[in-house]
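Here's the letter readout for the chains.
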Amino acid sequence: DAGVIQSPRHEVTEMGQEVTLRCKPISGHDYLFWYRQTMMRGLELLIYFNNNVPIDDSGMPEDRFSAKMPNASFSTLKIQPSEPRDSAVYFCASNKPGTPRMQFFGPGTRLTVL
Amino acid sequence: GQQLNQSPQSMFIQEGEDVSMNCTSSSIFNTWLWYKQDPGEGPVLLIALYKAGELTSNGRLTAQFGITRKDSFLNISASIPSDVGIYFCAGRGGAQKLVFGQGTRLTINP
């Protein structure tokens, strides 16, 4: 079975540019999570969706960040405008339904904002 | 908010040695998960624990859910070079949100 798919794997952009990260969760999973990982702050939950509906976006740093899930097989995380402090690895994860729930992570997108 | 304290932060061991790491929480969790992250990859789930006192093994890995529901440990027996990586604990109190520890970086000298 295919795991969580993220694209691009690496993104280098200049400050002020718009960045869009993409995620395809595992088929049949009903929860989708976006995380950010940095050396200083570790793994931080940004937002998560259930059945395509945003449930908790309290981790989103500021209005420059937005996330959408238009259907069960696709989600985007957008940063506009990007800043150097946004440089991090962004992970998408999905949850299999039923109990017990376990999150499966994608390979991540390494974002560098110059 | 909920916080996890994972220790040690790093370990340098010889191949063949056993490894032990743990996580403690300031609050109760219903689920404990242990993940391993290799360089350039996402965390991979190793073991999931769902009941206080539960002891679960996955090959050379053994993890336990503490009786108080505020701690968990992970043991690796007879370490091998491919065990190198960063190990994370994660706890789930309610809803679907996981809280992650800071990670334990394992380095193995052959």
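Structure's up top.
I will try to describe carefully the structure that is included in this document.

Parameters at a glance
- Residues numbered from 1 in each chain as written.
- Chains lettered and ligands numbered in written order.
- Predicted model: local features only at pLDDT ≥ 70, side-chain atom pairs only at ≥ 80, totals over all residues.
- Heavy atoms only, no water.
- Helix = DSSP H or I, 4+ residues; strand = E, 2+ residues; numbered from the N terminus.
- Contact = heavy atoms within 4.5 Å.
- Buried < 20%, exposed > 50% of the residue type's maximum accessible area, 1.4 Å probe, protein only.
- Salt bridge = Lys/Arg side-chain N within 4 Å of Asp/Glu carboxyl O.

The next thing to look at is the environment of Val-113 of chain A. Residues and elements named next belong to chain A. With respect to the helices and strands, Val-113 occurs in strand E11 (residues 109-113). C-alpha of Val-113 to C-alpha of Ser-87: the two residues are 26 residues apart in sequence and 5.5 Å apart in space. Ignoring anything within four residues of it in the chain, the contact list for Val-113 reads Thr-13, Glu-14, Met-15, Ser-82, Glu-83, Pro-84, Asp-86 and Ser-87.

A few words now on unusual backbone geometry. Cis geometry marks the peptide bond from Ser-7 of chain A to Pro-8 of chain A; its omega dihedral reads -10°. Within the secondary structure, Pro-8 of chain A sits in the loop between strand E1 (5-7) and strand E2 (10-13). Each neighbour pair has its own omega, and for Gln-80 of chain A with Pro-81 of chain A the value is -5°, a cis peptide bond. Here Pro-81 of chain A lies in the loop between strand E8 (74-79) and strand E9 (88-95). Not every positive phi belongs to a glycine, and Asn-51 of chain A is a case in point at roughly 50°. Relative to the elements of secondary structure, Asn-51 of chain A occurs in the loop between strand E5 (42-50) and strand E6 (53-56). Backbone geometry at Arg-69 of chain B places phi at a positive 65°, although glycine is not the residue there. Assignment of secondary structure puts Arg-69 of chain B in the loop between strand E7 (61-65) and strand E8 (71-76). Accessibility expressed as a relative area gives 30% for Arg-69 of chain B, which makes it partly exposed.

Below, the discussion takes up the pattern of salt bridges. All names here are of chain A. The final tally for this structure, using the stated rule, is 11 salt bridges over all chains. The shortest N-O distance in the salt bridge between Glu-44 and Arg-36 comes to 3.4 Å. Both residues of the pair, Glu-44 and Arg-36, count as buried. Note that Asp-86 is salt-bridged to Arg-64, the shortest N-O span being 2.6 Å. Within this pair, whereas Asp-86 is found in the loop between E8 and E9, its partner Arg-64 is found in the loop between E6 and strand E7 (65-71), the two being separated by 22 residues in sequence. Residue Asp-86 shares its accessibility class with Arg-64, and that shared class is buried.

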